[in-house]
Amino acid sequence: MRKLLLPLLVFALVLSSCEDDLTSLNDDPKAASEVTADPLFSNSLVSLGTLKTSVDYNINMFMFMSQYWAATTYADESQYNLTGRSIPDSYWSEVYRDVLNNLKRASSLVEEEEFTPAEEKAAMQAQIEVINVMAYHQLVTIFGDIPYSDALDADNVSPAYDNQAEIYSNLMSRLNSAISGLETAVNAGTPGFGSSADVFYAGSMEAWLMFANSLKMRMAIQVAETPGAVNFDPQTAIEEASPAAFQSNDDNLALEFTNTPPNRNPVWEDVINTGRNDFVAANTLIDMMNDLEDPRRQIQFTQVDTNTVEGDPAEMAYVGGIYGESNDYIDYSHVKGPLIESDFEGILLEYAEVEFIRAEANVRGWLTGTAAAAQDHYENAVTADMQYWSDASSDEEITQSEIDDYLDPLSGPAAYPATGTEREQIEAIAQQKWLGQYMNDNLQAWTDWRRLDHPTWFVADENPNADEEDDIPTRFTYPVDEQNLNQSNWSDAASAIGGDEQTTLLFWDVEYASSR
């Protein structure tokens with residue numbers, strides 16, 4: 001596993017060195033006079049990575065939206081109450097303010113730098129553009145129509161919303177241009193942001209190129225069932241990107257955390273450091289893992305004693321809390337292992353996801369389009385995720401023999417249905433992809449569930465906001481501030497997408513899960 005130490009993020013100082021007149025004697029020669037692009041770029045990466053990793057349900061509730069965790073005391077979020085803690089507002093403002101605004105300023109400063117060669121500026125702009133695309137892709141995937149053309153203009157406090165499919169098309173065009181810029185840099189050996197600023201890949205332009213192509217695959221597969229809504233062909237995009245995308249776990253896009261504040265893993269902060277027992281594993285996840293005898297359980301979760309007869313020997317088992325209800329912490333399996341270590345990395349995009357995309361693409365007749373190729377990529381994906389967790393754990397190991405048994409074509413509980421229908425193969429991929437994305441990208445797990453309508457998720461009897469799968473949110477509602485401060489444009493956007501409701505389908509989501 002790649003381990004990069006996250007540098008302490010401080011603004012670089014431009015120091016005054018000349019005191020040519022008496023007035024300048026009043027200036028502090030050690031004071032910061034101008035920020036450079038480096039810390040702004042770093043802060044954007046850290047903000048995005050921390051936001052995606054966080055399980056603070058005031059800003060990020062995707063571990064609930066993906067039905068990985070269940071609540072103990074506070075069940076509102078697992079019952080899809082998005083507005084009680086202003087969660088859409090928080091996520092929206094974090095991305096626009098702390099990621100996109102910083103990137104815009106960093107881009108301007110790169111261009112203003114008179115001593116940086118033009119080739120290096122182009123390489124740095126390509127890196128900035130990839131993160132711009134990733135951030136906007138998250139927003140449009142969560143909300144639908146969003147401010148885009150008019151966004152980030154300080155003089156425009158009421159930006160108009162752009163059409164979500166048109167934004168998506170433009171993002172792919174921008175990403176293709178960024179990939180071209182990264183290819184030029186790699187071929188010429190031109191550096192971009194250095195190791196201190198680049199907290200993802202420590203200045204490796206080759207790694208950035210692989211990341212950008214992997215992001216292209218993620219974006220392309222998302223519109224696989226609605227290709228006519230965008231101005232690019234998802235099959236062509238995947239076939240262009242796949243050879244240059246992630247090839248192993250060493251390529252994963254990750255933000256490294258440290259054992260010291262303020263750069264500790266936010267999961268550790270929210271689960272361990274707070275001393276609060278707010279989360280248990282959800283029955284949706286644990287029941288599936290139990291049915292499959294998934295070897296990842298031993299690394300990711302604790303067991304509890306299910307014996308109710310006093311004095312009898314303990315009967316240890318993995319037990320998930322009821323999703324959408326309040327649960328007693330002591331009765332259910334808890335999160336354990338590397339995930340709750342203060343220096344454990346946060347994954348934003350991983351090799352296993354890319355292999356699942358390759359598998360799905362083959363099922364759809366893309367790439368080589370063969371059943372054998374789909375099975376190979378499916379098995380590579382499952383193996384990669386299990387090896388990732390095994391390598392990350394210092395206490396438990398998943399052996400190759402366990403992986404082979406799990407995937408065995410004749411008797412394995414997760415055997416790929418090579419002779420099954422296309423839908424059966426898609427569902428097998430969707431199931432294992434959901435298991436593999438646990439706490440590696442909870443937003444993407446929710447996105448793939450919305451897109452593939454599988455696996456079947458749990459709907460609690462006590463959930464007032466969901467009686468069946470059709471009621472599980474398919475988007476976030478717009479921030480309340482938008483409704484109050486940008487009312488006309490918000491109203492137009494709500495009307496354009498079919499209503500500012502949690503169950504409005506976005507353009508790439510063709511039907512509700514229960515309609516399958």
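Scope of this entry: the structure provided in the associated data block. (Residues numbered from 1 in each chain as written. Predicted model: local features only at pLDDT ≥ 70, side-chain atom pairs only at ≥ 80, totals over all residues. Heavy atoms only, no water.)

Here we look at the nonpolar core
Turning to step 1, where the next piece is worked out: W69, F200, W208, F211, Y378, Y438 and F476 are the most contacted members of the largest nonpolar core, which has 164 residues in total.
Turning to step 2, where the next piece is worked out: By residue number, the principal contributor to this core is helix α4 (residues 118–143), which donates 14 residues. (Core = buried A, V, L, I, M, F, W, Y, C linked by side-chain atoms within 4.5 Å. Buried < 20%, exposed > 50% of the residue type's maximum accessible area, 1.4 Å probe, protein only. Helix = DSSP H or I, 4+ residues; strand = E, 2+ residues; numbered from the N terminus.)

Points about the packing of aromatic side chains
Turning to step 1, where the next piece is worked out: The tally for this structure, following the rule as stated, stands at 36 aromatic pairs.
Turning to step 2, where the next piece is worked out: Their ring planes at 15 degrees and their centres at 6.3 Å tell us that Y57 and F64 sit as a pair that is stacked. Per residue, the accessibility class of Y57 equals that of F64, and both read buried.
Turning to step 3, where the next piece is worked out: Where F301 meets Y438, the ring centres are 5.3 Å apart and the plane angle is 45 degrees; that geometry is what we call tilted. One end of the pair, F301, is in the loop between α10 (297–300) and β6 (304–305); the other, Y438, is in the loop between α14 (422–436) and α15 (442–452), and 137 residues separate them in sequence. Each member of the pair, F301 as well as Y438, carries the same accessibility label: buried.
Turning to step 4, where the next piece is worked out: Over the ring of Y74 we find R85; its NZ or CZ atom is 5.6 Å from the centre of that ring. (Phe/Tyr/Trp six-rings, centres within 6.5 Å; stacked < 30°, edge-to-face > 60°. Lys NZ or Arg CZ within 6 Å of the ring centre and 35° of its normal.)

Thoughts on the layout of surface pockets
Turning to step 1, where the next piece is worked out: The space that makes up the largest pocket amounts to roughly 500 Å³.
Turning to step 2, where the next piece is worked out: Taken together, 20 residues make up the lining of the largest pocket; nearest its centre are W92, Y96, V157, P159 and E482.
Turning to step 3, where the next piece is worked out: Within the residue set of the lining of the largest pocket, elements represented by two or more residues are α3 (87–112) and α16 (480–485).
Turning to step 4, where the next piece is worked out: Broken down by class, the residue content of the lining of the largest pocket amounts to ten nonpolar, four polar and six charged. (1 Å grid on protein atoms, 1.4 Å probe; cavity = no way out; pocket = protein on both sides within 12 Å on 5 of 7 lines; lining within 4 Å. Points joined across faces, edges and corners; volume = space filled by probe spheres on them. Nonpolar A, V, L, I, M, F, W, Y, C, P; charged D, E, K, R; others polar.)

Focus on the packing of α3 against α4
Turning to step 1, where the next piece is worked out: It is the contact of α3 with α4, at a shortest axis distance of 10 Å, that shows an interaxial angle of 165 degrees. Accordingly, the angle class assigned to the pair α3 and α4 is roughly antiparallel. Pair α3 / α4 crosses with left-handed handedness. Of the residues in α4, those in contact with P88, Y91, W92, V95, Y96, V99, L100, L103, A106, S107, V110 and E111 of α3 are K121, M124, Q125, I128, I131, N132, A135, Y136, Q138, L139, I142 and F143. (Axes fitted to C-alpha atoms, helices over the stretch in contact; angles between N-to-C directions. Parallel < 35°, antiparallel > 145°, perpendicular 65-115°, else oblique. Left-handed = near helix turned anticlockwise from the far one by under 90°. Contact = heavy atoms within 4.5 Å.)

With respect to the environment of D56
Turning to step 1, where the next piece is worked out: You can see D56 is positioned in the loop between α1 (37–53) and α2 (62–65).
Turning to step 2, where the next piece is worked out: Considering only alpha carbons, one finds D56 and E353, 297 residues apart in sequence, at a separation of 24 Å.
Turning to step 3, where the next piece is worked out: Among the polar contacts listed, one links the side chain of D56 to the side chain of N58, at a separation of 2.9 Å. (Polar contact = N/O pair within 3.5 Å; in protein donor to acceptor, adjacent residues only side chain to side chain.)

A look at the environment of G365
Turning to step 1, where the next piece is worked out: Turning to its location among the elements, G365 is positioned in the loop between α11 (351–363) and α12 (371–392).
Turning to step 2, where the next piece is worked out: Separated by 114 residues in sequence, G365 and D251 have C-alpha atoms that sit 26 Å apart.

Some points on empty space enclosed by the protein
A water-sized probe, rolled over the atoms, reveals where empty space remains.
Turning to step 1, where the next piece is worked out: Inspection of the entire model under this criterion finds four cavities of 30 Å³ or more.
Turning to step 2, where the next piece is worked out: Roughly 100 Å³ of internal volume is contained in the largest cavity.
Turning to step 3, where the next piece is worked out: T53, G346, I347, M439 and N440 are, among the 14 residues lining the largest cavity, the residues nearest its centre.
Turning to step 4, where the next piece is worked out: Counting only elements with at least two residues in the lining of the largest cavity, the list comes to α1 and β8 (346–349).
Turning to step 5, where the next piece is worked out: For the lining of the largest cavity, the class distribution of residues is six nonpolar, five polar and three charged.

A few points about helix α8 (residues 266–273)
Turning to step 1, where the next piece is worked out: Those residues of α8 that sit buried are P266, V267, W268, D270 and V271.
Turning to step 2, where the next piece is worked out: On its buried face, α8 sits against α1, β1 (69–71) and β5 (279–281).
Turning to step 3, where the next piece is worked out: Two or three places before V267, at the opening of α8, N265 has a side-chain oxygen 2.7 Å from that residue's backbone nitrogen.
Turning to step 4, where the next piece is worked out: G275 lies just past α8 and shows a positive phi near 70 degrees.

Some points on the packing of α4 against helix α6 (residues 205–222)
Turning to step 1, where the next piece is worked out: Where α4 contacts α6, the two axes come as close as 11 Å, and the packing angle between them is 25 degrees. Judged by the inter-axis angle, α4 sits roughly parallel to α6. You can see that α4 and α6 cross each other, and the crossing is left-handed. Judged by residue contacts, A123, Q127, V130, I131, V133, M134, H137 and T141 of α4 engage M205, W208, F211, A212, L215, R218, M219 and Q222 from α6.
Turning to step 2, where the next piece is worked out: Here the contact of α4 with α6 is built from residues that sort into eleven nonpolar, four polar and one charged.

With respect to the pattern of salt bridges
Turning to step 1, where the next piece is worked out: This model, assessed by the stated rule, comprises 22 salt bridges.
Turning to step 2, where the next piece is worked out: The shortest N-O distance in the salt bridge between R364 and E360 comes to 2.9 Å.
Turning to step 3, where the next piece is worked out: For E360, a relative accessible area of 1% translates into the label buried.
Turning to step 4, where the next piece is worked out: Linking R451 and D448 is a salt bridge whose minimum nitrogen-to-oxygen distance equals 3.0 Å. Here the residue R451 and the residue D448 both occupy positions in helix α15, the gap between them amounting to three residues, near one helical turn.
Turning to step 5, where the next piece is worked out: Accessibility expressed as a relative area gives 5% for D448, which makes it buried.
Turning to step 6, where the next piece is worked out: One network of salt bridges, with partners in common, ties together E225, E360, R364, K433, D448 and R451. (Salt bridge = Lys/Arg side-chain N within 4 Å of Asp/Glu carboxyl O.)

Concerning α4
Turning to step 1, where the next piece is worked out: In this model, α4 (26 residues) spans 37 Å end to end at C-alpha, consistent with the 38 Å of a helix rising 1.5 Å per residue.
Turning to step 2, where the next piece is worked out: Within α4, 22 of the 26 residues are buried, which leaves it mostly tucked inside the rest of the structure.
Turning to step 3, where the next piece is worked out: Of the residues trailing α4, G144 is marked for its positive phi of about 100 degrees. (Expected span 1.5 Å × (residues − 1).)

Focus: the side chain of E353
Turning to step 1, where the next piece is worked out: Here E353 is to be found in helix α11.
Turning to step 2, where the next piece is worked out: Apart from the residues lying within four places of it in its own chain, the contact partners of E353 are R218, K433, Q437 and Q444.

Focus on the environment of P473
Turning to step 1, where the next piece is worked out: Looking at the element boundaries, P473 is found in the loop between α15 and α16.
Turning to step 2, where the next piece is worked out: Contact partners of P473, with chain neighbours within four places excluded, come to M65, Y80, W446, W449, R450 and Q502.

Looking at the side chain of S42
Turning to step 1, where the next piece is worked out: Structurally, S42 is set in helix α1.
Turning to step 2, where the next piece is worked out: The class for S42 is buried, based on a relative accessible area of 3%.

Any functional reading would require information beyond the geometric quantities listed.
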